[in-house]
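Summary of the model geometry
The primary structure of each chain is shown beneath.
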Amino acid sequence: MDELKILLNDLWEVLKDIAYFFSVKLFSIGNSEITLITIVYLLISVILLNFFSNRLSKFIGNTVLKKYTTIPSTAQSVSTIIRYVFLIVGMMVIVQTAGIDLSALSILAGALGVGIGFGLQNITNNFISGIIILFEQPIKLGDRIEVGDIKGDVLKISARATTVVTNDNISVIVPNSEFISSTVINWSHNDRNVSFRFPVGVAYKEDPKRIKALLLEVAAENPGVLDSPAPDVLFDEFGDSSLNFFLRVWTSDFTSRPNILKSQLYYSIFEKFKTNNIEIPFPQQDLHLKSGFTLTNKS
């Protein structure tokens, strides 16, 4: 019995030492004392807050908002904004429940402002630009865009950067500020329907009306060309060695792969012209030589 009391006393002393170790003041913020247990509480709370905010954001975007909108970009924007609000409110609650006086954080906020002014302005700029993108939606998930030398489809819009996937399946991380401060071409801002014009030249002996009919047949036979808006053939100019046309087509399947559609149409045009004996000219120049002789009379 005595041995059990001794063991319990030793265990109690160990627990007291552990409790004292975690309760030792490490530093203070204003009137708030920060201990090891405060730091552990903050770390665990922040990890849980981030976990539940992600789950909440996915639940709202994938389940709740799907009942009210069929546009994935709108659901993603709303769920992301809700996540940010949840994180901000959650951090305020965690700090207060940890016993830290929020008014004491004014000094830290001032130091953070100085840090933003000197070294964090780019991060802040990208973050604010991300918020603007989520609210105004100049670009959305799935949009075909061009910014600078980058061409691709928008895969993900986050707080700091946007992920763009090129035709070569390469993911490019573009800072959000680029979409606010630079000129951005959005091929599918309203919808995925895009118009392309492909030049075609034929010999001068060919009938333009027949050429138009054959080109429209080629467009109608391609499954990637939309029936509405209907394809059209534009007579562009009388060239040096050919009659030049533009085959104008609309597509939604080849918005990000115009060269594939161009190749398919040119293959078909070549076969169609070959079957109907349409001559495709090659560049040529006529060279006229003029020679003269000067006769001199001698007396």
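I will try to describe carefully the structure that is included in this document. (Residues numbered from 1 in each chain as written. Predicted model: local features only at pLDDT ≥ 70, side-chain atom pairs only at ≥ 80, totals over all residues. Heavy atoms only, no water.)

**Comments concerning the overall build of the chain**
Our working definition: For helices the rule is a DSSP run of H or I covering at least 4 residues; for strands it is a run of E covering at least 2, with both sets numbered from the N terminus onward. Only protein chains enter the accessibility calculation, which uses a 1.4 Å probe; a residue is then buried when its area is under 20% of its type maximum, exposed when over 50%, and partly exposed in between. It only takes one pair of heavy atoms within 4.5 Å for two residues to be counted as in contact. For the area figures, the Shrake-Rupley method with a 1.4 Å probe applies, and any residue is considered shielded solely by the protein chains shown.
In terms of helices and strands, the chain carries eight helices and 10 strands. Scored against the burial criterion, the 299 residues of the chain give a buried share of 30%. Contacts in the chain between residues at least 24 apart in sequence constitute 60% of all its contacts with a sequence separation of at least 6. Surface summary for the chain: the accessible area is close to 20300 Å², and the carbon and sulfur share equals 60%.

**Let's talk about the packing of aromatic side chains**
To be explicit about the condition: Pairing of aromatic side chains here covers Phe, Tyr and the six-membered ring of Trp, requires ring centres within 6.5 Å, and sorts the geometry by plane angle: under 30 degrees stacked, over 60 edge-to-face, intermediate tilted. Counting as a charge over the ring demands two things of the Lys NZ or Arg CZ atom: a distance within 6 Å of the ring centre and an angle within 35 degrees of the ring normal.
For the structure shown, the criterion picks out seven aromatic pairs. Pairwise contacts between aromatic rings join Trp187, Phe196, Phe198 and Tyr266 into one cluster. Directly above the aromatic system of Phe246 lies the positively charged group of Arg197, at a separation of 4.5 Å from the ring centroid.

**Structural notes on the pattern of salt bridges**
Test applied: What makes a salt bridge here is a side-chain nitrogen of Lys or Arg within 4 Å of a carboxyl oxygen of Asp or Glu, nothing more.
Applying the stated criterion across every chain yields a total of six salt bridges. Residue Lys140 pairs with Asp143 through a salt bridge whose shortest N-O separation is 3.5 Å. Overlapping salt bridges, with partners in common, bring together Glu217, Glu221 and Lys272 in one network.

**Concerning the sheet that holds strand 8 (residues 194-202)**
Selection rule: Here, any two strands with at least 2 DSSP bridges between them count as paired. Here an axis means a line fitted to C-alpha atoms, over the contact stretch when the element is a helix, while the angle between two N-to-C directions is reported on a 0 to 180 degree scale.
Read from one edge of the open sheet, three strands run 8-10-9, paired in antiparallel fashion. Two strands close off the open sheet at either side, each with one partner strand: strand 8 and strand 9 (232-238). Strand-to-strand, the axes of this sheet are offset by a mean angle of 25°, without reference to chain direction. Of the pairings in the sheet, the one linking strand 8 to strand 10 (residues 243-251) comprises nine bridges and is antiparallel in character.

**Side note on a nonpolar patch on the surface**
Applied cut-off: Only residues whose relative accessible area exceeds 30% and that form no salt bridge are eligible for patches; like-charged ones are grouped when within 9 Å, while nonpolar side chains (Val, Leu, Ile, Met, Phe, Trp, Tyr) are grouped when within 5 Å.
There is a patch of nonpolar side chains on the surface, built from Val40, Ile44, Leu48, Phe51, Phe52 and Phe86 and spanning about 530 Å² of accessible area. In terms of residues, the nonpolar patch owes the most to one element, helix 2 (residues 36-64), which gives five residues. Locating Val40 in the fold gives a position in helix 2. Here Val40 falls in the partly exposed class, since its relative accessible area comes to 33%.

**Notes on the environment of Ile278**
Looking at where Ile278 falls in the secondary structure, it is placed in the segment after helix 8 (258-275). Ile278 gets classed as buried once you look at its relative accessible area, which sits at 7%. Placed 76 residues apart in sequence, Ile278 and Val202 show a C-alpha to C-alpha distance of 7.3 Å. Dropping the residues within four chain positions of it, Ile278 is found in contact with Val202, Glu206, Arg210, Ile211, Leu214 and Phe273.

**Regarding helix 2**
Applied cut-off: Here, expected helix span is obtained from the residue count minus one, scaled by 1.5 Å.
The first and last C-alpha atoms of helix 2 sit 40 Å apart over 29 residues, in line with the 42 Å expected at 1.5 Å per residue. What helix 2 keeps buried is the set Thr38, Ser45, Leu49, Ser53, Ser57, Ile60 and Gly61.

**Here we look at the side chain of Ser53**
Locating Ser53 in the fold gives a position in helix 2. Here Ser53 is in contact with Arg83, Phe86 and Leu87, once residues within four sequence places are set aside.

**Here's the deal with the nonpolar core**
Spelled out, the test is: Definition of nonpolar core: a set of buried residues of the types Ala, Val, Leu, Ile, Met, Phe, Trp, Tyr and Cys, connected through side-chain atoms within 4.5 Å.
Judged by nonpolar contacts, the single largest core of 22 residues is most densely connected at Leu215, Leu247, Val249, Leu261, Leu265 and Phe273. Sorting the residues of this core by element identifies strand 8, helix 7 (208-221), strand 10 and helix 8 as the ones contributing at least two each. Ignoring sequence-local partners within four residues, the contact set of Phe273 consists of Val200, Val202, Ile211, Leu214, Leu215, Ile278 and Ile280. Ranked by size, the runner-up nonpolar core spans 11 residues in total, among them Ile139, Val154, Val174 and Phe179.

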